[in-house]
Amino acid sequence: MALTGLEIYKLLPQTNCKECSFPTCLAFAMKLAAKQAELKACPYVSEESKAKLEAASAPPIRLVEIAGDDGKLAVGNETVLFRHEKTFFHRPGLFLRVKDSLPAEEIKKQVAAADAFKADYVGIPLTLDGYAIEAASGDPAAFAGAVKAVRAASKKPLILLTSKPDVAKAWLEAASGTRPLLHAADASNWEAMAEVAKAAKVPLVARAETLDDLATLTQSLTKAGLEDLVLDPGVKGPKDSLEKLTTLRRLAIKKNFRPLGFPIITFPGAGGKADDVLLAAEHIAKYAGFIVLDTFDPASLYGLLVLRQNIYTDPQKPIQVQPGMYEINNPKDDSPVLVTTNFSITYFAIANEVEGSGWPAWLVVTDAEGMSVLTAWAAGKFDSERIAKAVKTVGVEGKVKHRKVIIPGHVAVLSGELEGDLPGWTIMVGPREAVDIGAFLKAMWVN
Amino acid sequence: MAVEIPKEKWSGTVREVTLGATREQGGTRTRTLTVGGETAMPHHAFEGSFPHPPALALEVRDRKPTDWSPLLLQAWGAAMDDPAAWAKAAEQAGAELIFLTLSATLADGKANTAANARAVVRKVLEATGLPLAVIGPGQAEIDNELIVAAAEEGKGERLLIGTCEDKNYRTIVAGALANDHVVQSKTPMDVNLSKQLVILIHDMGLPLERIIMDPTTGALGYGIEYGYSVMERLRLAALQGDSMTQQPLIVTPGEEGWKVKEAKVGEGVPAAWGDWNRRALNWEALTANALIYAGADIIVLRHPETLRRLRGVVDALMAA
Ligand code: B12
Ligand code: SF4
């Protein structure tokens, strides 16, 4: 938890020597508290005070980073319990579990298929974040083989699931050159696991069923010199997850409780009973950092990734595209002209639809301050005046020889006024939903 | 190491609202539905009480809709041709509330009528013993005409009636006052607007125990985050003791989820979207599931399979 100016002042030399360029130590302390100055500006802070101040300014949830052959993932460093309070920063990683008991060729095939998954959501590419390889076979040769097989098929970050220190060691060698997450140390194996993780410089998961045991474990691991830890509180179903993960988030953010100030890993499919897709969704909204899925099904993965995107958008600013003129399917001078707003979801809904329909078109995107058609209309940001101004300024008049513009069906009421604001243009009212645009153009667009 | 578990203590409670009236209470319902009463953030059972599980409702229409996904038509089959049969099927599928929506037009394209609204409400009331919501097409003038008639027809049944919006709340509230119903107070995703409309409705003399707030929701991928956060903020305000935000929340993820392309369309979509049927079901379920964690008290769905899945989540959250 951040210290107040006064608390910081107590840790400063209090000599008012002004070398930090502030008139007094107190003034400097106030600026530090407001994060408008840096501690190193004062040459006289004692080592002890420095350590205290640094500890106090460390994020309440440690940022833990893992890396594959190509691509990194950092989770943690969250600052709020509810997204409206500021925003959630580091999207939880979605990993697919792969068992080493499968033949290497089969592993390669499965991972290659999952790795090829790429969906587009409002221009943002959505993919899996990596693979969690599980030592299920009990055969040491299979362990290393599985890591190699996965690395042959994917460059994404890995999680290694084993509670045996010797297996972990062999695996980390097979994974050398990357920075995987090692899962897991528990009350029985932590000393050996800590050594392995420390030698390989990889983050380690601490696993315990109760928060008391978990805190005891992380303290032992911290004392053993490990800084990058991840928590596995062994959650079972929706209720247990909500309680444990909420408590962990609160302890870190509201109490600055260091022993549990780490990101969390969950296994929504582990209990076997719960609806794993819906449980994974809960973990996305409520505080997981790494989520390991048991099955690869695009029909659920796509939804989960979109949910993650939605929950982690900045509530202060809607995702938007640049206003202006967009060309779709190489439009010509007789291609239709459509207008829409610059809210990303709106823009991509209509742009993808037109593109998919095969129609060449000019898309005029007005500056509606990132709002959807109806929201912008209701807020006065997508009115006749703005549309007319956009049509006149984006240069579409020089591109087409006709004078027809199609507006969204939801704002049909604007057509009369728009005729006045855009003299010489015919205003056509399009369908309400983007899905119907292809059929509409087919029926209505005649030159 | 003994970790001291932080618990939140709140001063406010969500109001309890009951839908449906039995014979003894002047109606004909075989069961009633009470929602609300929570004393902590959604499903934080470790620090508050949750006397009623979130209720799962299914939407039934006065006539077979022309714009619903073929997957929904498949799920309900011939039952959709008759609102009474549809309501029965919804009851069998596990609904705790029938959410009857009236169309703007009749099958022949002419404007829907008060007489038709009455007949449908009567039919559905006779077909099932569940509490009933009767909601207009969402256009002020038509809503007023249809809902006033429906409210009279269902007098004493403690229906949930709507849509009660800033434009037309007066007529609908008058209908609720005269016939002993509850209203759905609907506002577009804004904490202050939600609160304001509750105040206006209450000022007309309707007790707060007869108002349910609909904060409006968007579908997954199409604005759900706005609704989700508005609900969390409303619930925080309620627990902090802001009286006019203490109404239970109703949301319509079925309608929103099935409106979008991911649910509606099976062909010509990216391969990465996966199997259409599973994707569409996930779209509704993921939208609804998120809203449960944001504080939804009544969740209106469209597909029986989604209801089944969410029942599992609700049961797990409410387990002792
Ligand atoms: C999310 C949302 C918000 C978000 C804003 C999101 C954003 N960045 O725009 C927030 C919470 C901020 C918001 C605020 C408000 N909102 Co609002 N909001 C919504 C909601 C739930 C979803 C909108 C959405 O994102 N839709 C998805 C996008 C993709 O849809 P779209 O832009 O319309 O695009 C589709 C079509 O129009 C078409 N299309 C798009 N472009 C084109 C172009 C052509 C040529 C064609 C043919 C088709 C086409 O394709 C798209 C896909 O089919 C709707 C209700 C609902 N469920 O629809 C209410 C809604 C739009 N909001 C409404 C209102 C009133 C408001 C407020 C004015 C409330 C208030 N007083 O505060 C404010 C205004 C904002 C402000 N003052 O700052 C009303 C509008 C009512 C009306 N008919 O006038 C709605 C309809 C809710 C309601 N039923 O009352 N809102
Ligand atoms: S440099 Fe250090 S000791 Fe000198 S005034 Fe600034 S804070 Fe105080």
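Above this text you will find the structure in question.
Note that the structure is predicted; figures quoted are calculated from it, not measured.

Rules of the game
Residues numbered from 1 in each chain as written. Chains lettered and ligands numbered in written order. Predicted model: local features only at pLDDT ≥ 70, side-chain atom pairs only at ≥ 80, totals over all residues. Heavy atoms only, no water. Axes fitted to C-alpha atoms, helices over the stretch in contact; angles between N-to-C directions. Helix = DSSP H or I, 4+ residues; strand = E, 2+ residues; numbered from the N terminus. Parallel < 35°, antiparallel > 145°, perpendicular 65-115°, else oblique. Left-handed = near helix turned anticlockwise from the far one by under 90°. Contact = heavy atoms within 4.5 Å. Pairing = 2+ DSSP bridges. Buried area = accessible area lost by both parts, 1.4 Å probe. Salt bridge = Lys/Arg side-chain N within 4 Å of Asp/Glu carboxyl O. Polar contact = N/O pair within 3.5 Å; in protein donor to acceptor, adjacent residues only side chain to side chain. Nonpolar A, V, L, I, M, F, W, Y, C, P; charged D, E, K, R; others polar.

With that out of the way, let us pick up the packing of helix α5 (residues 140-153) of chain A against helix α6 (residues 165-174) of chain A. Between two packed helices, the angle of one axis relative to the other and the distance separating the axes together describe the packing. Residue and element names in this part refer to chain A. Two elements in contact, α5 and α6, have axes whose closest approach is 9 Å; the angle formed by their N-to-C orientations is 30 degrees. One way to sum up the angle between α5 and α6 is to call them roughly parallel. Crossing hand, α5 versus α6: right-handed. Across the interface between the two elements, F143, A144, V147 and R151 from α5 touch V167, W171 and A174 from α6.

Residue and element names in this part refer to chain A. Reading across the sheet, the five strands line up as β13-β15-β14-β16-β17 and stay open at both edges, with mixed pairing between neighbours. Edge positions in the sheet fall to β13 (324-328) and β17 (426-429), since each has one partner strand and no second. Mean inter-strand twist for the sheet, computed between neighbouring axes without regard to direction, equals 30 degrees. Note that strand β14 (residues 337-341) and strand β16 (residues 404-407) share two bridges and pair parallel. Across the sheet, the residue bridging to L338 is I406, located in β16. Sheet strands touched by helix α14 (residues 384-393): β14, β15 (361-366) and β16. Its angle to β15, the strand with the most contacts, is close to 130 degrees. The sheet contacts of helix α16 (residues 437-444) involve β14, β16 and β17, and relative to β17 the element is tilted by about 135 degrees.

On the side of chain B, 50 residues touch chain A, which itself brings 49 residues to the contact. When the buried surface of chain A facing chain B is broken down by residue, A:K239, A:R250 and A:L278 rank first, second and third, together holding 16% of it. Put simply, chain A and chain B have seven salt bridges between them. Put simply, A:K254 and B:E8 hold a salt bridge, and the shortest N to O gap is 2.7 Å. Where chain A packs against chain B, one counts 19 residue pairs in polar contact (both at pLDDT 80 or more). Looking at the side of chain A that touches chain B residue by residue, the classes come out as 27 nonpolar, nine polar and 13 charged.

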